[in-house]
Protein chains: 2
Amino acid sequence: MADTKGARTSARLTESMLDLIQRHGYSGTGLNTVVQHAGAPKGSLYFHFPDGKEALGEKAVELAAAQLAALAAEVTPGAATPGAAVRRFIEALAGILVESDYELGCPVSVVTLEMGGQSERLRTACANAFASWIDPLAAHLVAHGRSAPAAHATATAVVSLIEGAVIVSRAQRSTQPLDYAAQAVGILVDGTP
Amino acid sequence: MADTKGARTSARLTESMLDLIQRHGYSGTGLNTVVQHAGAPKGSLYFHFPDGKEALGEKAVELAAAQLAALAAEVTPGAATPGAAVRRFIEALAGILVESDYELGCPVSVVTLEMGGQSERLRTACANAFASWIDPLAAHLVAHGRSAPAAHATATAVVSLIEGAVIVSRAQRSTQPLDYAAQAVGILVDGTP
DNA sequence: GTCTATACGACGATAGAC
DNA sequence: GTCTATCGTCGTATAGAC
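Residues numbered from 1 in each chain as written. Chains lettered and ligands numbered in written order. Predicted model: local features only at pLDDT ≥ 70, side-chain atom pairs only at ≥ 80, totals over all residues. Heavy atoms only, no water.

Asker: Outline the interface of chain B and chain A, listing residues and values.
Answerer: Many structure descriptions define interface size as the accessible area lost when the parts assemble. Listed per partner, the contact involves 44 residues of chain B and 44 residues of chain A. Taking both sides of the interface into account, the surface hidden between chain B and chain A amounts to around 3600 Å²; carbon and sulfur atoms contribute 70%. Examining the composition of the side of chain B that touches chain A, we find that 14 residues originate from one element, helix H8 (residues 148–172) of chain B, more than from any other. Here the residues of the side of chain B that touches chain A are counted per class, giving 19 nonpolar, 18 polar and 7 charged. (Contact = heavy atoms within 4.5 Å. Buried area = accessible area lost by both parts, 1.4 Å probe. Helix = DSSP H or I, 4+ residues; strand = E, 2+ residues; numbered from the N terminus. Nonpolar A, V, L, I, M, F, W, Y, C, P; charged D, E, K, R; others polar.)

As structure tokens, this is what we get:
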């Protein structure tokens, strides 16, 4: 079971990195804090992540992408229209934001803004994370009759809108911007207010 | 002219802080780097900003708000519709992004995400910055016949959309997400694709 | 108003024992 | 695989001369 335990330590480190990035950003998150938060042995960090902080950040971004995809899969089935599905997703995000007392922001956004110009590895990870949200949504819109180019454009705008609304909501400590984003999504995706 | 020189030093420090926050985030920007970038005497920092980094960050956020308002005032007059005005603004942002080789992100977004949960002072400064963009846009929409609540909702969504599109554009090193945002703004604001 | 010097902690990362 | 100890650097902030 040595591998299993090692894998769990690695996973806990990644989860802690993700949680702390959401709260304090990438540069604001120290590796000492990460191992402490994970309850992991400090000496194990560079065993599991020989490339150091950058590799850990990359895994955290990938985990964030997977977690939000899972949230979408959990919350959207049964929605009447694509727009309704997206609005359910936005409501779920608003719930997370309120539960955390507006301390959780999007880790992909903040890593993009802090490290996009300095680490090609992290910038690519963030670009892939955004694509992992845009592409399935675009495919869903195509399945509902949109042309592929229009679907891609709309899906990109919807992801951008949600991303921005999370930030404005956090700044204002209110879910109002997310609510307005949900309204706008109805117009953009379903064509009805 | 002692005051004038002091004021210029203070202004240069604020401008440098703003520039560096856009590139490396708040935590990633060291005060040593700021004074060096500003060509300012190191000993002068805590004379002009007795409250230290937090005060400097606050001024940088306020400067960012003013600079983007000035950009809007420069670029939007003469537009046929409110949506066309916003689209001109988005094109200007895309130009800045390309000229900087995708190194400049929104300082308000990144400060919100990094420090919103830790510094009430910075969180408030960011909320005020967002409001300073939302409120005039909402007023403009009211002047074009919208009801006040609808105008506020649409203006908030538009600012969120632009904010998010800047981030996604930076991650993808492409202005495409901003272009799609401009299309979506046409639908949301003017009601025509 | 600005200077130099420095306090003091946290940072990421590494070495070598076990 | 994990431990402790530590390296060198950089961070913010302060002190006291001028």
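Asker: Quick one: what's the story with the relation of the copies chain B and chain A, residue by residue and with numbers?
Answerer: Between the two copies of the chain lies a rotation about an axis combined with a shift along it. Mapping chain B onto chain A calls for a screw motion: a turn of 180 degrees about the axis and a shift of 0.0 Å along it, with 0.0 Å RMSD after fitting. When the rotation and shift are considered jointly, the pair of chain copies conforms to a two-fold rotation axis. An overlap of 100% is found between the interface residues of chain B and their copies at the interface of chain A, pointing to a shared contact surface. (Least-squares fit on C-alpha atoms with pLDDT ≥ 70 in both.)

Asker: Help me get a handle on the packing of helix H6 (residues 107–115) of chain A against helix H7 (residues 120–143) of chain A, residues and values and all.
Answerer: Residue and element names in this part refer to chain A. Viewed as axis vectors pointing N to C, H6 and H7 meet at an angle of 145 degrees, and their least axial separation amounts to 9 Å. Classified by chirality, the crossing of H7 by H6 is left-handed. Here Val108, Ser109, Val111, Thr112 and Met115 of H6 lie close against H7, whose contacting residues are Leu122, Cys126, Ala129, Phe130 and Trp133. Classifying every residue of the contact of H6 with H7 by side-chain character gives 8 nonpolar, 2 polar and no charged. (Axes fitted to C-alpha atoms, helices over the stretch in contact; angles between N-to-C directions. Left-handed = near helix turned anticlockwise from the far one by under 90°.)

Asker: Explain the pattern of salt bridges residue by residue, including any values.
Answerer: A side chain with one charge can pair with a side chain of the opposite charge if their charged atoms come near. In total, this model carries 14 salt bridges over all chains according to the counting rule given. With its nearest N and O atoms 3.1 Å apart, the salt bridge here joins Arg121 of chain A to Asp51 of chain A. A residue pair is termed long-range when its members are at least 10 positions apart, and Arg121 of chain A in helix H7 and Asp51 of chain A in the loop between helix H3 (45–48) and helix H4 (53–75) qualify at 70 residues. Given the relative accessible area of 30%, Arg121 of chain A is considered partly exposed. Between Arg173 of chain B and Asp101 of chain B there is a salt bridge, and its shortest N-O distance comes to 2.7 Å. Taken together, the positions of Arg173 of chain B in the loop between H8 and helix H9 (176–190) and Asp101 of chain B in the loop between helix H5 (82–99) and helix H6 (107–115) put the pair 72 residues apart, joining distant regions of the chain. Residue class for Asp101 of chain B comes out partly exposed when judged on its relative accessible area of 42%. Overlapping salt bridges bring together Asp19, Arg23 and Glu103 of chain A as one network. (Salt bridge = Lys/Arg side-chain N within 4 Å of Asp/Glu carboxyl O. Buried < 20%, exposed > 50% of the residue type's maximum accessible area, 1.4 Å probe, protein only.)

Asker: Pulling in residues and values, what's your account of the protein's contact with DNA strand D?
Answerer: In the region of DNA strand D, 18 residues are neighbours, and Pro41 and His48 of chain A together with Leu31, Tyr46 and Lys53 of chain B sit closest. Backbone atoms, meaning sugar and phosphate, make up 70% of the atoms of DNA strand D lying within 4 Å of the protein. The backbone of Leu31 of chain B places a nitrogen or oxygen atom 2.5 Å from a phosphate oxygen of DNA strand D. Elements that contribute at least two residues to the surface near DNA strand D include exactly helix H1 (2–24) and H3 of chain A together with helix H2 (31–38) of chain B. Class assignment of the residues belonging to the surface near DNA strand D gives a composition of 5 nonpolar, 8 polar and 5 charged. (Near = heavy atom within 4 Å. Polar contact = N/O pair within 3.5 Å; in protein donor to acceptor, adjacent residues only side chain to side chain.)

Asker: Kindly report on the protein's contact with DNA strand C, identifying the contributing residues and their values.
Answerer: Near DNA strand C there are 18 residues, and of these Leu31, Tyr46 and Lys53 of chain A together with Pro41 and His48 of chain B occur at the shortest range. Among the atoms of DNA strand C lying within 4 Å of the protein, the sugar-phosphate backbone contributes 68%. Here Thr29 of chain A contributes a backbone N or O atom positioned 3.3 Å from a phosphate oxygen of DNA strand C. In this structure, a phosphate oxygen belonging to DNA strand C sits 2.6 Å away from a main-chain N or O atom of Leu31 of chain A. Residue assignment for the surface near DNA strand C shows that the elements contributing at least two residues are helix H2 (31–38) of chain A together with helix H1 (2–24) and helix H3 (45–48) of chain B.

Fair warning: the whole summary comes from geometry, so function is off the table for now.
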